[in-house]
Amino acid sequence: MEQAQNRKVLVVVDMQNDFITGSLGSKEAQAVVEPVVKRILDFDGLILYTLDTHTEDYLNTKEGQKLPVPHCIAGTDGWAPNSAVWMALMHKNVADEQHMIAKDTFGGVSLPMRIHEMLEGVEPESIDLVGLCTDICVISNALLLKAFYPESAITVDAAACAGATPEGHKTALAAMKPCHIDIVNE
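The written sequence of each chain sets the order in which its residues are numbered from 1. The predicted nature of this model means local features are confined to residues of pLDDT at least 70 and side-chain atom pairs, given and counted, to a pLDDT of 80 or more, with totals for whole chains, interfaces and linings taken over all residues. Each side-chain value is derived from all of the structure's non-hydrogen atoms; neither hydrogens nor water enter the calculation.

Q: Where do I start with the overall build of the protein chain in this structure?
A: The helix count covers DSSP runs of H or I at least four residues long, the strand count covers runs of E at least two residues long, and both are numbered beginning at the N terminus. The secondary structure content of the protein chain amounts to eight helices and six strands. Secondary structure elements in the protein chain, listed N-terminal to C-terminal, are β-α-α-α-β-α-α-β-α-β-α-β-α-β. C-alpha atoms define the radius of gyration, and 2.2 Å times the number of residues to the power 0.38 defines the globule rule. Relative to its length of 186 residues, the protein chain is compact, with a C-alpha radius of gyration of 15 Å against a globular reference of 16 Å. The principal-axis extent of the C-alpha atoms belonging to the protein chain is close to 45 × 35 × 30 Å. Between buried and exposed lies partly exposed: a residue is buried under 20% and exposed over 50% of the maximum accessible area for its type, with that area taken using a 1.4 Å probe on protein chains only. When the 186 residues of the protein chain are sorted by exposure, 51% land in the buried category. Here the analysis covers contacts within the protein chain between residues at least 6 apart in sequence; of these, 77% occur between residues at least 24 apart. Exposure was quantified through the Shrake-Rupley algorithm and a 1.4 Å probe, taking into account, for residues, occlusion by the shown protein chains and nothing else. Counting every atom, the protein chain has about 8,800 Å² of accessible surface; 55% of that belongs to carbon and sulfur. Under this rule, positive means Lys or Arg and negative means Asp or Glu; His and the chain ends count for nothing. Throughout, a charge is located at the NZ atom of Lys, the CZ atom of Arg, the CG atom of Asp or the CD atom of Glu. For the protein chain, the centre of its 13 positive side-chain charges and the centre of its 26 negative side-chain charges are spaced 6 Å apart. Working rule for contacts: check all heavy atoms of both residues, and any pair within 4.5 Å makes them a contact.

Printed below as a string of structure tokens:
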């Protein structure tokens, strides 16, 4: 594919309305929209994005029992990407199903496989992550990617991420460091 020569990957994690202004939104999440858009527009490489994706029976799932707040129900406005992020993805010609990973849990197990497919089996040189929530989906995907690609540089941009809480954000950043995940813009 077109990305095989450039082995740099940017993963935009769950920049969806419900996490920004919806049922699980926060001012911290709103504050990272602009830095995420900038990272997308400035990035030269493969861009993928994840969407937290649940069904109407969310409250009957294990996650729903521990976090009883319906969110990111497929097809709803809350499930949709933030409009500014979506415009940036469109500008980079990646606002399509090929570059999107719908995931029904924190870590998108199909994410490493999509990277493998898009890079035609070549290990990525680097994988950068931005998005929401640092202490849930960002850390889960960063650790998953590190397990799949131990020789790739995995980086999380702290200024383009927000946690479920400010404390959770800081704790997740600290937890990723000993796992050889680089944290920038802290």
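Q: What is the right way to read the sheet that holds strand 1 (residues 8-13) from this model?
A: Paired through their backbone hydrogen bonds, the strands of a sheet run either parallel or antiparallel. Strands qualify as paired when DSSP identifies two bridges or more between them. Strand order in the open sheet formed by six strands is 3-2-1-4-5-6, with parallel pairing between adjacent strands. Looking at the sheet topology across the chains shown, the edges are occupied by strand 3 (100-103) and strand 6 (181-184). Averaged over all pairs of adjacent strands, the angle between strand axes in this sheet comes to 25°, irrespective of strand direction. In this structure, strand 5 (residues 153-162) lies alongside strand 6, joined through four bridges in parallel fashion. Considered in strand 6, the bridge of Thr155 is made with Asp182. In this analysis, axes come from line fits to C-alpha atoms, helices being fitted only over the stretch in contact, and the angle between any two N-to-C directions falls in the range 0 to 180 degrees. Of the strands in this sheet, strand 1, strand 2 (46-52), strand 4 (126-132) and strand 5 touch helix 3 (residues 33-42), which is tilted by about 140° from strand 5.

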